[in-house]
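Understanding the architecture of this molecule
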Amino acid sequence: MAKPIVAFVGRPNVGKSTLFNRLAGKRISIVQDTPGVTRDRVYAQADWLKYEFTMIDTGGIEPKSDDVILKQMKRQAQIAIETADVIVFIVDGKEGLTAADSEVAQMLRRSKKPIVLVVNKVDSKKDEENLYEFYNLGIGEPMTISASQGLGLGDMLDEVVKHFDGLYDGEEEDEYIRIAMIGKPNVGKSSLINKLLGEERVIVSNIPGTTRDAVDSYLETDLGKFILVDTAGLRRKSKVKEEIERYSVIRTYAAVERADVCILMVDAEEGVTDQDEKIIGYAHEMNKAIMVIVNKWDLIEKDDKTMVNYQKDMQAKLSFLSYAPYLFISALTGQRVHKVLEVAKMCYDNYNKRVSTGILNDVINRAVLMKEPPIVGLKRMKIYYATQVATKPPKFIFFVNDATAIHFSYARYLENQLRESFDFKGTGLEIEYRERK
Ligand code: GDP
Ligand code: GDP
């Protein structure tokens, strides 16, 4: 299930990053960091009560003058309206209301998205003096916080998560397999989508009541119902390059977050780029189903070893994606295009797979018999019991004697054993080790 996306919007210096850093969950991962994913803090995971969500900080570079600030805030608001489920609009309780705040508030209000108005820097009672003017923004009761002191955050989060209930309930889209096409401009994403749409029966062009992107295409085949999402967001021209980069990352990130299957598409003549690696790295970190398509295969001069060697080279570069299937196609000639949805469906089925607890524990017991866990420090890990607690992606909890005794390479060994026994090709897996005393 996709996590709700919460976007932070506000003037420079109101405290967006301070708040963001406070709320960002410190997820301890025994998996090594994905190469290529730079921690530019555009997004982070957070949780509150039973809810997990993704935060997006729309704030970019520091603008110099007031009119630039307004322009940038409008862009921030726009990206938040496009991508977020809930928008947190942050204003500065010490500075008070500004004209830019009012303009942006108006824009947000018109979007009809849920908005939580947050007045930051209310460090003490005397800072509450300015509070009343914020009611004039017309976006409801202001929540007062002090991000730096950690005050009022619980009440604010209560207000944010209130809007999550029912967000994805009863959505017709639930029956659809959501596929995000990831890749640089010109690799052939729209050619492939058009080809797929042209070959298959298109059932709906627009599902009423949904607020999704206009670039989504809906189609139904014998394999099921699909939504194809073109993530082309990099083509927009602008003077401010850094800012555009940030916004296109946010857009792509949101598309990946909501997808079931992510297809990385590369141009056969060009190969994988650093940008590809970074974006598919997000998908990998979110444990999505993933496949790789090498397009324009018609342009490559080849013999019987070309494909195998090409795949080996790519796998060496994208070593963290060893579970992803590869497909070599030509969207132009149609070569192997009929395989695309077939492979995507296979990845999805594995992403949605549930295995029985009995067989799962048999597999783990056998794996431990074949290869004992190593001693870490002075301890040897003992696994008492394992269970699958979720699908999309498959999530397992291993109950162990001591979580500090897990060795990275042994965790990888166990994951590989699961993959071999149950066929999890094309999907990420989440494995949590939990101590049971
Ligand atoms: P951003 O530009 O919106 O991301 O703002 P920052 O998070 O970088 O914060 C801007 C400045 O405001 C920094 O100097 C922070 O230390 C300060 N700041 C953030 N939160 C608070 C707060 O709750 N109270 C006070 N007094 N200062 C704060
Ligand atoms: P997008 O920007 O990723 O959506 O890429 P497009 O679908 O717009 O394709 C970019 C260009 O590549 C167009 O000129 C296409 O005709 C061409 N193209 C797409 N797929 C293929 C292919 O398989 N082989 C060849 N030779 N050209 C292709």
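Below or above, wherever it landed, is the structure these notes cover. Bear in mind the structure is a predicted one, so any value in this text is a computation, not a measurement. (Residues numbered from 1 in each chain as written. Chains lettered and ligands numbered in written order. Predicted model: local features only at pLDDT ≥ 70, side-chain atom pairs only at ≥ 80, totals over all residues.)

Glancing now at the overall build of the protein chain. A count of helical and extended segments in the protein chain gives 11 helices and 17 strands. Residues classed as buried in the protein chain amount to 38% of the 437 residues present. A separation threshold of at least 6 residues defines the contact pool for the protein chain, and within that pool the share at least 24 residues apart is 75%. (Helix = DSSP H or I, 4+ residues; strand = E, 2+ residues; numbered from the N terminus. Buried ≥ 20, exposed ≤ 12 C-beta atoms within 10 Å, placed from the backbone. Contact = placed C-beta atoms within 7 Å.)

Spatial ordering of the open sheet is given by β2-β3-β1-β4-β5-β6, a layout of six strands whose pairing is mixed. Single-partner strands in this sheet number two, and they are β2 (43-48) and β6 (143-144). Here helix α1 (residues 16-23) sits on the sheet in contact with β1 (5-10), β2, β3 (51-57), β4 (86-92) and β5 (115-120), set at roughly 150° to β3. Against the sheet, helix α2 (residues 66-83) makes contact with β1, β3 and β4, and its axis sits at roughly 165° relative to β1, the strand it touches most. (Pairing = 2+ DSSP bridges. Axes fitted to C-alpha atoms, helices over the stretch in contact; angles between N-to-C directions.)

With that out of the way, let us pick up the environment of glutamate 342. Inspection of the secondary structure puts glutamate 342 in helix α9 (residues 340-351). Exposure remark for glutamate 342: the 13 C-beta atoms within 10 Å place this residue in the partly exposed category. Through-space distance from the C-alpha of glutamate 342 to that of isoleucine 364 is 31 Å; in sequence the pair is 22 residues apart.

Moving on, we get to the site of ligand 2. The full set close to ligand 2 counts 16 residues, and Gly188, Lys189, Ser190, Ser191 and Leu332 are the nearest of them. For the shell around ligand 2, the element with the most residues is helix α5 (residues 189-199), which contributes three residues. Residues that form the shell around ligand 2 fall into these classes: six nonpolar, seven polar and three charged. (Near = placed C-beta within 6 Å. Nonpolar A, V, L, I, M, F, W, Y, C, P; charged D, E, K, R; others polar.)

A word on the site of ligand 1. Around ligand 1 sit 16 residues, and of these Gly15, Lys16, Ser17, Thr18 and Ser148 come closest. Among the elements that take part in the shell around ligand 1, α1 stands out by supplying three residues, more than any other. When its residues are assigned to classes, the shell around ligand 1 shows three nonpolar, 10 polar and three charged.

With respect to the helices and strands, the residue asparagine 136 is situated in the loop between β5 and β6. Along the backbone, asparagine 136 and serine 102 are 34 residues apart, and their C-alpha atoms lie at a distance of 8.4 Å.

Turning our eyes to something else, we now look at the pairing of strand β7 (residues 177-182). Here β7 lies mainly inside the structure; six of its six residues are buried. Neither face of β7 is exposed, since Ile177, Ile179 and Met181 on one face and Arg178, Ala180 and Ile182 on the opposite face are all buried. As paired strands, β7 and strand β9 (residues 224-230) are joined by five bridges and run parallel to one another. From the neighbouring strand, alanine 180 faces β9, where its bridge partner is valine 229. With four bridges joining them, β7 and strand β10 (residues 261-267) adopt parallel strand pairing.

Our next topic: the packing of α2 against helix α3 (residues 99-111). How two helices pack is summed up by the angle between their axes together with the distance between the axes. In the contact formed by α2 and α3, the axes pass within 10 Å of each other and the chain directions differ by 20°. Looking at the two axes, α2 sits roughly parallel to α3. As α2 packs across α3, the resulting crossing turns out to be right-handed. Seen from α2, the contacting residues are Ile69, Leu70, Met73, Lys74, Ala77 and Ile81; seen from α3, they are Ala100, Glu103, Val104, Met107, Leu108 and Ser111. (Parallel < 35°, antiparallel > 145°, perpendicular 65-115°, else oblique. Left-handed = near helix turned anticlockwise from the far one by under 90°.)

Attention now moves to the packing of helix α10 (residues 357-370) against helix α11 (residues 408-422). α11 packs onto α10 with a crossing angle of 130° between their chain directions and a minimal axis gap of 10 Å. Comparing their axes, α11 and α10 come out oblique. Crossing of α10 over α11 shows right-handed handedness. Here Val363, Ile364 and Ala367 of α10 come into contact with α11, specifically with Leu414, Gln417, Leu418 and Ser421. Its residues assigned to classes, the contact of α10 with α11 comprises five nonpolar, two polar and no charged.

Attention now moves to the nonpolar core. Judged by nonpolar contacts, the single largest core of 106 residues is most densely connected at Phe89, Ile179, Val261, Cys262, Ile263 and Met291. Setting aside residues up to four positions removed in sequence, methionine 291 forms contacts with Val261, Ile263, Ala324, Pro325, Leu327, Val343, Ala344, Cys347 and Gly426. In this structure, Ala386, Val400, Ile406 and Tyr433 belong to the second largest nonpolar core, which totals nine residues. (Core = buried A, V, L, I, M, F, W, Y, C linked by C-beta atoms within 7 Å.)

Moving on to α11. Under the 1.5 Å per step criterion, the end-to-end length of α11 is 21 Å for 15 residues, consistent within 8% with the ideal 21 Å. Two residues or fewer after α11 comes aspartate 423, characterised by a positive phi angle close to 55°. (Expected span 1.5 Å × (residues − 1).)

With that settled, consider the sheet that holds strand β15 (residues 383-390). The sheet built from three strands is open, its strands ordered β15-β16-β17 with mixed pairing. Bordering the open sheet on either side are β15 and β17 (430-435), each of which pairs with just one other strand. Averaged over neighbouring strand pairs, the angle between their axes works out to 20° when direction is ignored. Inspection of the sheet shows strand β16 (residues 395-400) paired to β17 by six bridges, in the parallel sense. Along β17, the bridge assignment pairs phenylalanine 398 with tyrosine 433.

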